[in-house]
Amino acid sequence: MLLVAATTDSPTDPGVSYAHLSAPVSGTALVLDGPTLRRQMWHGLDGGRPKPAVPGAVHVPLWACHIDESTGAAVFFVTAQWRPDAVVLAAFHRTTVPADASGDITAWARGIADERAAVNFPLPRTGHRSGQGPETEEKITLTVPANSPAVVRLLRDHLPDTGVAVFGPTIHRRILRSDIYLPPGSGRREYAALTPRSDGTWWAKTKVLKDGRLHKSIRPAATRDEALAQVSQVLGHPRLVHTGTLHRATWDLPSPADADGHWSTVTVDTTTLAPHPGTLQQVEIEYGACFTATPVTASAAQIRRSVAETADSVAAVLTAHHIPHARNGQSKIEHFLATGDADARA
């Protein structure tokens with residue numbers, strides 16, 4: 001039995017519904033095509049009457065659980081790619097259904113998925129990218145709750161195709177859970193994030209303020225201790241302060257390249273920072289690479305201009321589809337810690 005949890009690409013239907021498929025599953029990847037998803041009867045969490053679909057809406061799987069009914073073995077999958085004709089999911093956890101869960105498999109599976117789901121494949125970057133170039137990004141905050149698959153589908157369909165198509169219409173998905181550290185007594189723009197990978201290794205990420213600009217570094221580490229040592233060295237503090245656990249669920253797509261060949265990654269991002277309250281939704285536009293220029297000739301000014309123009313295009317799509325938003329450069333960490341300060345003063 002295959003249990004699939006899905007949302008839709010409708011701006012007015014952000015909820016999650018469930019379907020049971022009798023599909024065979026083998027290996028570490030699961031592909032669910034459009035016709036299969038359209039044939040399903042989708043239910044709410046209580047498994048009652050079928051949930052009516054919004055006309056024209058497409059169900060987009062978030063995760064799935066395959067259960068071998070003879071042994072109770074369960075394999076969990078999480079969505080990694082959303083293509084126009086299919087959704088690709090990757091295995092992330094194996095376990096056995098406990099005896100006390102047999103009465104409500106859906107609730108048990110949802111709890112596992114909410115706690116453990118993670119997918120963090122590197123996003124493809126076609127073209128040239130200078131290691132010395134500026135880390136250029138812009139952030140657009142969604143000021144009312146939005147259905148992320150609906151937002152990313154609108155951007156995929158409506159961003160102007162002014163140059164070379166980069167990868168086609170595939171949307172990538174990532175779920176990251178990171179421990180966040182700050183240097184003691186410093187501001188909130190510099191921080192470190194330690195992120196576990198599915199193979200047991202870690203990403204060690206830092207953002208450091210130098211000469212008035214943020215510089216980002218991401219390096220692999222074999223262990224958590226090694227990752228912590230790396231970021232402590234980069235930030236220049238042997239004892240960093242743990243400030244929370246960041247949970248990011250993103251939908252990522254490449255922007256169309258501009259006339260000079262530059263393109264950016266456009267990310268629709270839903271983030272929480274436990275134990276701090278609230279949820280932050282943003283669209284991030286981060287420089288990707290360049291098709292036509294070598295790293296030497298792709299100037300910092302060209303890169304910043306390309307990212308700014310893509311951000312303008314993203315904002316125009318959001319405005320045209322009545323999605324409230326605000327342009328700002330506040331980082332996620334700044335947002336949550338500033339919110340906590342405001343709550344403490346209230």
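Look a little higher up for the structure.
Residues numbered from 1 in each chain as written. Predicted model: local features only at pLDDT ≥ 70, side-chain atom pairs only at ≥ 80, totals over all residues. Heavy atoms only, no water.

Caption draft 1: Quick peek at the nonpolar core. By size, the foremost hydrophobic cluster in this structure holds 63 residues, and its most contacted members are Trp-63, Trp-108, Leu-155, Val-283 and Val-314. Tyr-181, Leu-194, Ala-204 and Val-231 belong to the second-largest nonpolar core, a separate cluster that totals 11 residues. (Core = buried A, V, L, I, M, F, W, Y, C linked by side-chain atoms within 4.5 Å. Buried < 20%, exposed > 50% of the residue type's maximum accessible area, 1.4 Å probe, protein only.)

Caption draft 2: Just unusual backbone geometry, in detail. Here the amide bond leading from Ala-274 into Pro-275 is cis, since omega sits at 10 degrees, within 30 degrees of zero. As for its placement among the helices and strands, Pro-275 is situated in the loop between strand S13 (262–274) and strand S14 (280–290). The backbone of His-322 sits at a positive phi, close to 60 degrees, despite the residue not being glycine. Here His-322 shows up in the loop between helix H5 (300–320) and strand S15 (325–328). (Helix = DSSP H or I, 4+ residues; strand = E, 2+ residues; numbered from the N terminus.)

Caption draft 3: Looking closely at the environment of Arg-116. Tracing the chain through its elements places Arg-116 in helix H2 (residues 105–116). Exposure remark for Arg-116: the relative accessible area of 43% places this residue in the partly exposed category. Here Arg-116 is in contact with Phe-92, His-93 and Arg-177, once residues within four sequence places are set aside. (Contact = heavy atoms within 4.5 Å.)

Caption draft 4: Inspection of the side chain of Glu-286 at higher detail. Summarising the element assignment, Glu-286 is placed in strand S14. You can call Glu-286 buried: its relative accessible area is 14%. Leaving out residues up to four positions away in the same chain, Glu-286 has contacts with Arg-125, Glu-135, Thr-136, Glu-137, Lys-216, Ser-264 and Thr-265.

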